[in-house]
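# Report on the structure
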Amino acid sequence: MLKKLMRFFSIIYFAIVITALLGSIGYMLVNFPPEAWDKFAHEGGIIESTTAIIFGLVALLAFILFFKIRAKIWLYFGFLMAAASMREMDLHRAWTTDSIFKLRFYSGDAAPFYEKILGLLFILVLVFTLVQFIRHIPSWISNVLKFQPMALSIFMGLGTLALGKLLDSMARVLPFMADFHGNNRPLLRLLEESLEMTSSFFFLLTCLLALLFKTIQNQEQTS
């Protein structure tokens, strides 16, 4: 019964998110000129700000799940979602001379030594967190193939996020598409930011499903 409920909830959620994504993009393409698309998708715009808020909410829910379930995976997940939220708000360079994810930040002389140390510490924690997730990849893939709702929500989140990043770096990753990328920058920017926002909603579903599972499980144990 619980599995059916989670699957039904996931299907409805997936349908709403995908319909909202396609509908909102279609509406903007039809009713707004290309100049207006950039106002929605520019740095610090409404789409990016919404994405940062959702990632932050996902991080909060993940930390709550960690304290409820005491499973370290939720602590790691919360850290990654918090990092994603901070990345959307450009906090990775807000308090430092340059982005802590750029090699020139460490190789150059512009950034003070303490900034480099703090940046390296953050990256080490990030790498450690990613390694913990890599250890779970085999079981995650198995659950995806079994159409397990939580595994599928992560799959959709990673997929839409990767697609958005590909659109952002198309000119570098696919040099033969450089002209297309340059000529259609407003459209690709809109699609990129919309896909990244969509990924945050899929990651939110992961936490909602976990909370739903824990709540119903507790009710069944007390009844």
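The helix and strand inventory of the chain stands at eleven helices and zero strands. Taken from N to C terminus, the helices and strands of the chain fall in the order α-α-α-α-α-α-α-α-α-α-α. For the chain, the spread of C-alpha atoms along the principal axes amounts to about 60 × 50 × 30 Å. Taken across its 223 residues, the chain has 37% of its residues classed as buried. Counting every atom, the chain has about 13,100 Å² of accessible surface; 72% of that belongs to carbon and sulfur. Distance from the positive charge centre (19 side chains) to the negative charge centre (15 side chains) of the chain: 14 Å.

What follows concerns the pattern of salt bridges. Under the counting rule described, the total for this entry stands at four salt bridges. Taking the shortest distance from any N to any O, the salt bridge between glutamate 196 and lysine 165 comes out at 3.3 Å. Separated by 31 residues along the polypeptide, glutamate 196 in helix α11 (residues 185-222) and lysine 165 in helix α8 (residues 149-168) bring together distant segments of the chain. Overall, the relative accessible area of 2% leaves glutamate 196 in the buried class. In this structure lysine 165 comes out as partly exposed when scored by relative accessible area, which is 35%. Two residues, glutamate 193 and arginine 189, come together in a salt bridge whose shortest N-O distance is 3.3 Å. Placement of the pair is glutamate 193 and arginine 189 together in helix α11, with a separation of four residues, close to one helical turn. Residue classification places glutamate 193 among the buried residues on the basis of a relative accessible area of 2%. For arginine 189, a relative accessible area of 10% puts it in the buried group. Each of the salt bridges in this network shares a partner with another, and the network as a whole consists of Arg189, Glu192 and Glu193.

It is at 8 Å that the axes of helix α7 (residues 137-145) and α8 come closest, and there the two elements cross at 105°. Viewed along their axes, α7 and α8 adopt a mutual orientation that is roughly perpendicular. Note on element contacts: α8 touches α7 through Ala151, Leu152, Ile154, Phe155 and Leu158, opposite Trp140, Asn143 and Val144. Taken together, the residues of the contact of α7 with α8 break down into seven nonpolar, one polar and no charged.

Next up on the list: helix α6 (residues 113-134). Each α-helix winds once per 3.6 residues, and so residues spaced three or four apart point in a common direction. Along its 22 residues, α6 runs 31 Å from first to last C-alpha, staying within 8% of the 32 Å computed at 1.5 Å per residue. Considered for burial, the residues of α6 that qualify are Glu115, Lys116, Gly119, Leu126, Thr129 and Gln132.

Tracing the chain through its elements places threonine 198 in helix α11. Residue threonine 198 is classed as buried on the basis of its relative accessible area of 4%. Excluding its chain neighbours within four sequence positions, the residues that come into contact with threonine 198 are Val17, Leu21 and Thr160.

Positive phi values are uncommon outside glycine, yet arginine 70 reaches one of about 65°. Residue placement: arginine 70 occurs in the loop between α3 (46-69) and α4 (72-88).

Interhelical geometry of α4 versus α6 gives an angle of 130° and a closest axis separation of 10 Å. Between α4 and α6, the crossing angle belongs to the class labelled oblique. In the packing of α4 onto α6, the handedness of the crossing is left-handed. Packed against α4, whose contacting residues are Ile73, Tyr76, Phe77, Phe79, Leu80, Ala83 and Met86, the element α6 presents Phe122, Val125, Leu126, Phe128, Thr129, Leu130, Gln132 and Phe133 at the interface. Of the residues belonging to the contact of α4 with α6, the class tally is 13 nonpolar, two polar and no charged.

About the thresholds
- Residues numbered from 1 in each chain as written.
- Predicted model: local features only at pLDDT ≥ 70, side-chain atom pairs only at ≥ 80, totals over all residues.
- Heavy atoms only, no water.
- Helix = DSSP H or I, 4+ residues; strand = E, 2+ residues; numbered from the N terminus.
- Buried < 20%, exposed > 50% of the residue type's maximum accessible area, 1.4 Å probe, protein only.
- Areas by Shrake-Rupley, 256 points an atom, 1.4 Å probe, with all protein chains shown as cover.
- Lys, Arg positive; Asp, Glu negative; His and termini not counted.
- Charge placed at Lys NZ, Arg CZ, Asp CG, Glu CD.
- Salt bridge = Lys/Arg side-chain N within 4 Å of Asp/Glu carboxyl O.
- Axes fitted to C-alpha atoms, helices over the stretch in contact; angles between N-to-C directions.
- Parallel < 35°, antiparallel > 145°, perpendicular 65-115°, else oblique.
- Contact = heavy atoms within 4.5 Å.
- Nonpolar A, V, L, I, M, F, W, Y, C, P; charged D, E, K, R; others polar.
- Expected span 1.5 Å × (residues − 1).
- Left-handed = near helix turned anticlockwise from the far one by under 90°.

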